[in-house]
Amino acid sequence: MENSYVSHLECSITGKKYEANKIHGLSEAGRPLLVRYDLEKLKNEISREEISNSRVDGLWRYSPLLPVADPKNRISLGETITPLIKLDRSVNYSNTDKGQVLIKDEGRLPTGSFKARGLCLAVSMAKQFKLNHLAIPTNGNAGAALAAYASCAGIRSTVFCPDDTPDINVREIQSLGAETYLVNGLINDCGKIVGDGKEKVGWFDVSTLKEPYRIEGKKTMGLELAEQLSWKLPDVIFYPTGGGTGLIGMWKAFLELKELGWIKGKLPKMVAVQAEGCAPIVKAWKNGDEHAPVWQNAFTKAAGIRVPVAVGDFLIIRAVQESNGFAIAVSDEDIMETRDRVASVEGCFLCPEGAATMSAYEQAMSSKLITPNDKVVLFNCATGLKYPLPEVTNMINKNKKINYTKFI
Ligand SMILES: *Cc1c(COP(=O)(O)O)cnc(C)c1O
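What counts and what doesn't
- Residues numbered from 1 in each chain as written.
- Predicted model: local features only at pLDDT ≥ 70, side-chain atom pairs only at ≥ 80, totals over all residues.
- Heavy atoms only, no water.
- Helix = DSSP H or I, 4+ residues; strand = E, 2+ residues; numbered from the N terminus.
- Rg over C-alpha atoms; globule rule 2.2 N^0.38 Å.
- Buried < 20%, exposed > 50% of the residue type's maximum accessible area, 1.4 Å probe, protein only.
- Areas by Shrake-Rupley, 256 points an atom, 1.4 Å probe, with all protein chains shown as cover.
- Lys, Arg positive; Asp, Glu negative; His and termini not counted.
- Charge placed at Lys NZ, Arg CZ, Asp CG, Glu CD.
- Pairing = 2+ DSSP bridges.
- Axes fitted to C-alpha atoms, helices over the stretch in contact; angles between N-to-C directions.
- Contact = heavy atoms within 4.5 Å.
- Core = buried A, V, L, I, M, F, W, Y, C linked by side-chain atoms within 4.5 Å.
- Right-handed = clockwise from strand over helix to strand, strands pointing away.
- Salt bridge = Lys/Arg side-chain N within 4 Å of Asp/Glu carboxyl O.
- Patch = residues over 30% accessible without salt bridge, like charges linked within 9 Å, V, L, I, M, F, W, Y side chains within 5 Å.
- Near = heavy atom within 4 Å.
- Polar contact = N/O pair within 3.5 Å; in protein donor to acceptor, adjacent residues only side chain to side chain.
- Nonpolar A, V, L, I, M, F, W, Y, C, P; charged D, E, K, R; others polar.
- Parallel < 35°, antiparallel > 145°, perpendicular 65-115°, else oblique.
- Left-handed = near helix turned anticlockwise from the far one by under 90°.

Caption draft 1: Quick peek at the overall build of the chain. On a plain count of helices and strands, the chain comes out with twelve helices and 13 strands. Relative to the compact-globule value of 22 Å for 408 residues, the chain shows a C-alpha radius of gyration of 21 Å, a close match. Across its three principal axes, the chain shows a C-alpha extent of roughly 75 × 55 × 45 Å. Put simply, the chain has 408 residues, and 58% of those count as buried. Accessible surface computed for the chain: about 18100 Å², of which carbon and sulfur atoms make up 50%. Averaging the positions of the 50 positive and the 47 negative side-chain charges in the chain gives two centres separated by 2 Å.

Listed below in structure tokens is the structure:
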């Protein structure tokens, strides 16, 4: 069995240390636990070039910076390095050639969303700890990723979704082998059912940030981005923020890379993007608060960011502040208009949450929060194909004479 470089886990709010080789949920303070590594040792034994020369295609190439010690517990459904796509037709670039807008297209991952990264790690660790039943609340994508990786590892999974979760997601989850339930409430109501059932059923709670390893999986977005851009990070990152695992995970990645000396200079501004109908983090950030109370009557078509309350609220806000970034809300109207425009003008099919980052980019440009010389990365976190799309109404009757003039 290979060793991992994990030294211990640490409560994100009190700093209290926890032993690495034990099953953990939240800390005693009820906050997320962060995995800490012996970076000094890692630095002496492994170089970034060794990582780049590794022939492993997906996120497991970063295994020295991940917690799964034994390679046989590293489960995989073929995670790929997701591409960076330059937007060429819907952005007005300045002549300086410095500014760029790149989409990191996470829709290429197994189950079509970046939830694959977090759940790949969480389920691999569950396998390492020999857990036999995992449960999760979800707006769709996390449930599908859990179902897929749990089935792949031969572990039982139970999933709870709000009853207005798009049908395609719910059916996907069930097809992938999870026992799937619809709940007449929002994701936090589903989360309560999972939490309350822990003692009674004995399942393990893999809710966002309530176990320590989904962050480590999402951290690979930051590691991958750094490597892909030849270890030079962009100026600004726009991230569609629900529970915030990805934003927190990327920020953690950048700090670890900096400590390793693998990246130098200024870190990117982290921008938390939310929908106007559910923007607890934006509101707290504007008020200068570290914690965000539950958002009432949360509504947005961008289901992945319909998260009224986040246990890692202060970690999101700290990353935004430390990076000199900002938090920004966009309307559903703008989100859907942007999705349709980018799809038809660029050929790039964003999910609504991904489109929210493009809307936020445009809003930040017009209010001069960023400049045309900035190199920007927008996260498209799921394939656009998993969402309800506009209906096609043009019909042709093959039995009638076709009027070709209408195609001219
Ligand atoms: C989960 C999800 C998000 C939010 O990600 P967090 O890291 O939990 O904030 C955004 N978009 C999509 C498509 C998602 O599935």
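The rest of the description comes next.
Caption draft 2: Spotlight on the sheet that holds strand β12 (residues 326-330). Strand order in the open sheet formed by six strands is β4-β5-β13-β10-β11-β12, and the pairing between neighbours is mixed. Two strands in the sheet have a free side with no partner beyond their single neighbour: β4 (84-86) and β12. Averaged over all pairs of adjacent strands, the angle between their axes in this sheet comes to 25°, without regard to strand direction. Along the sheet face, helix α10 (residues 313-322) touches β11 (269-275) and β12 and points at about 135° away from the line of β11.

Caption draft 3: Representation of the nonpolar core within the structure. Counting residues in each nonpolar core, the largest one holds 97 residues, and the members touching the most others are L134, L146, F254 and W262. If near-sequence neighbours (up to four positions away) are discounted, W262 is found in contact with L42, I46, S47, R48, I51, L65, W231 and L257. Within the second largest apolar cluster, 28 residues are counted, among which are V101, I328, C348 and M358.

Caption draft 4: Geometry of the pairing of strand β8 (residues 179-183). Bridge count between strand β7 (residues 156-162) and β8: five bridges; the pairing is parallel. Along β8, the bridge assignment pairs V159 with T180. A crossover connection joins β7 to the parallel β8 through helix α5 (residues 167-175); in handedness this β-α-β unit is right-handed.

Caption draft 5: The arrangement of the pattern of salt bridges in detail. What the rule picks out here adds up to 25 salt bridges. Of the charged contacts, one joins E49 and R48 as a salt bridge, the two residues approaching to 3.3 Å between their closest N and O atoms. Here R48 falls in the partly exposed class, since its relative accessible area comes to 26%. Here E227 ties to R61 by a salt bridge, and the two come within 2.7 Å at their closest N and O atoms.

Caption draft 6: Fine view of a nonpolar patch on the surface. On the surface, a cluster of nonpolar side chains totalling about 290 Å² of accessible area is made up of F349, L385 and L389. Following the sequence through the fold, L389 ends up in the segment after β13 (375-380). Judged by relative accessible area, which is 39%, L389 ranks as partly exposed.

Caption draft 7: The arrangement of a negative patch on the surface in detail. The grouping of D38, E40, E45 and E259 at the surface amounts to a negative patch. On the secondary structure map, E259 appears in helix α8 (residues 245-260). Of the residues examined, E259 reaches a relative accessible area of 56% and is grouped as exposed.

Caption draft 8: Focus on the site of the ligand. Around the ligand, the surrounding shell holds 18 residues, and the nearest of these are K115, K218, Y239, G242 and G244. Contact between the ligand and G242: an oxygen atom at 2.7 Å from a main-chain N or O atom of the residue. Contact between the ligand and G246: an oxygen atom at 2.9 Å from a main-chain N or O atom of the residue. Contact with the protein chains removes 97% of the 390 Å² of surface that the ligand exposes when unbound. Within the residue set of the shell around the ligand, elements represented by two or more residues are β10 (236-240) and α8. In terms of residue class, the shell around the ligand is built from seven nonpolar, eight polar and three charged.

Caption draft 9: Region of interest: unusual backbone geometry. One non-glycine residue, N297, lies in positive phi territory at about 50°. In this structure, N297 sits in the loop between α9 (280-287) and α10.

Caption draft 10: Local environment of the packing of α8 against α10. Following both chains from N to C, one finds α8 and α10 inclined at 50°, their axes separated by 9 Å at the closest point. Considering their axes alone, α8 and α10 lie oblique with respect to each other. Handedness of the α8/α10 crossing: left-handed. Along the contact surface, α8 presents L247, I248 and W251, while α10 presents L315, I316, A319, V320 and E322. Its residues assigned to classes, the contact of α8 with α10 comprises seven nonpolar, no polar and one charged.

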